[in-house]
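Summary of structural features
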Amino acid sequence: MIFNTHSHFNFILKNPVCPIAGADYLEKFEGKNLEEIIVQNKEYWLNLSCLVWSNLETSKNALEVAKMGNSFYCTLWLHPEDHQEEELLVKIDSIIEEFEKLIQENGWKIIGIWEIGLDYHYLDEKNEIHKNRQKEIQRIFFKRQVELANTYNLPVIIHSRDAKDDIFECLKEFVPNKFVVHCYSEDLEFARKILELSPNSFIGFAGMITYKSAESIREVIRNIPLERILVETDDPFLAPQEFRWQTNYPSYVKLVLDKVKELREEDNKVVEDTIWQNSLNFFNLKNPQI
């Protein structure tokens, strides 16, 4: 049993309800129909997927796709890169109201607040005042999203790029009831700090763990409690080594899980069953229909 806890397959989906997000993605990723993805998921023994998309409109699309089958759930919200400017900040109250309405009406399919966090990769390096304001706005959205998640007892998916120290401080200040640092790329010391923050904190691992350069991430997998591990693809990005530089499909989460099994000392079935149960517990799913 495999649960892909973080999938962006709207970028590779040829389907009217969720068009590919721009011409650049058409060139970069091979598109598939929803039916083709479902078939491929079954071939790789993928049972459940959490659809993680990036703004109000694509979150609505994710919800529509999730309603199409028992194997899909979804999360809501905005990527940090998308909410670091003043024009979106002035709309924050109305955005939260819109998401609250979606949660209240569709709570059976909405299982988390996605990929909140900090992303400093594309900040304005030429203007220090603007750069600092961008960071401040990201922190405001971080706080409001955690408040929303805690109000509805939803877990949050943490995104961190070039911002791990500030992420740690935010997590201490605006404590989510439950969270995962997804697509983990830091070292063992930072992982231990994250896990010590809360008994309801998890680490999510993606295809990077199969790369030759990722020994420090593999060290994390070997040394943290199995009960705190989730697996994901972050597709269509970061395909496992076997498919490196190609489109990453949701089903390739099996290759991530296989690598985790290889790195752990426990029996393979124990690893698979434990991570499956971790995923259900994280998303508060007791008896999902598969």
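My aim in this report is to walk through the structure given alongside it, one point at a time. Along every chain, residues carry numbers that run from 1 in the direction the sequence is written. For a predicted model such as this one, the threshold for reporting local features is a pLDDT of at least 70, and the threshold for listing and counting side-chain atom pairs is 80 or more; totals across whole chains, interfaces and linings nevertheless cover every residue. Computation of side-chain values: all heavy atoms of the structure, hydrogens and water removed.

Some words on the overall build of the protein
Stated precisely, the cut-off is as follows: Secondary structure counts use DSSP, requiring at least four H or I residues in a row for a helix and at least two E residues in a row for a strand, with both numbered from the N terminus. Radius of gyration here uses only the C-alpha atoms, and the compact-globule reference equals 2.2 Å multiplied by the residue count raised to the power 0.38. Three exposure classes are used, based on accessible area relative to the maximum for each residue type with a 1.4 Å probe and protein chains only: buried under 20%, partly exposed in between, and exposed over 50%. Here, residues are in contact when the closest pair of their heavy atoms is within 4.5 Å. Only the protein chains shown count as cover for residues, with accessible areas throughout obtained via the Shrake-Rupley method and a probe of 1.4 Å.
When helices and strands are tallied, the protein shows 11 helices and eight strands. By the compact-globule yardstick of 19 Å for 290 residues, the protein fits well, its C-alpha radius of gyration being 18 Å. For the protein, the spread of C-alpha atoms along the three principal axes comes to 50 × 45 × 40 Å. Split into buried and exposed, the 290 residues of the protein put 57% on the buried side. Contacts spanning at least 24 positions in sequence make up 70% of the contacts within the protein whose residues lie at least 6 apart. Roughly 13100 Å² of accessible area belongs to the protein as shown, and the carbon and sulfur atoms make up 48% of that amount.

Some thoughts on the packing of helix 7 (residues 164-173) against helix 8 (residues 188-197)
Spelled out, the test is: In this description, a line fitted to the C-alpha atoms serves as the axis of each element, helices being fitted only across the stretch in contact, and the angle between N-to-C directions of two axes falls anywhere from 0 to 180 degrees. Here the angle decides the label: under 35 degrees means roughly parallel, over 145 means roughly antiparallel, 65 to 115 means roughly perpendicular, and every other value means oblique. Polarity classes work like this: nonpolar for Ala, Val, Leu, Ile, Met, Phe, Trp, Tyr, Cys and Pro, charged for Asp, Glu, Lys and Arg, and polar for all others, with Gly in that last group.
Between helix 7 and helix 8, whose axes approach to 10 Å, the crossing angle comes to 10 degrees. The angle between helix 7 and helix 8 places the two elements in the roughly parallel class. Between helix 7 and helix 8, the residues in contact are Lys-164, Phe-168, Leu-171 and Lys-172 and Phe-190, Lys-193, Ile-194 and Leu-197, respectively. Counted by class, the contact of helix 7 with helix 8 contains five nonpolar, no polar and three charged residues.

Here we look at the sheet that holds strand 6 (residues 179-181)
The following threshold applies: Strands qualify as paired when DSSP identifies two bridges or more between them.
The strand order 1-2-3-4-5-6-7-8 describes an open sheet built from eight strands, whose pairing is parallel. In the strand order of this sheet, the two ends are held by strand 1 (2-7) and strand 8 (229-231), each with one partner. Between one strand and the next, the sheet's axes are offset by a mean angle of 30 degrees, whatever the strand orientation. As judged from the three bridges shared by strand 7 (residues 201-205) and strand 8, these two strands associate in the parallel manner.

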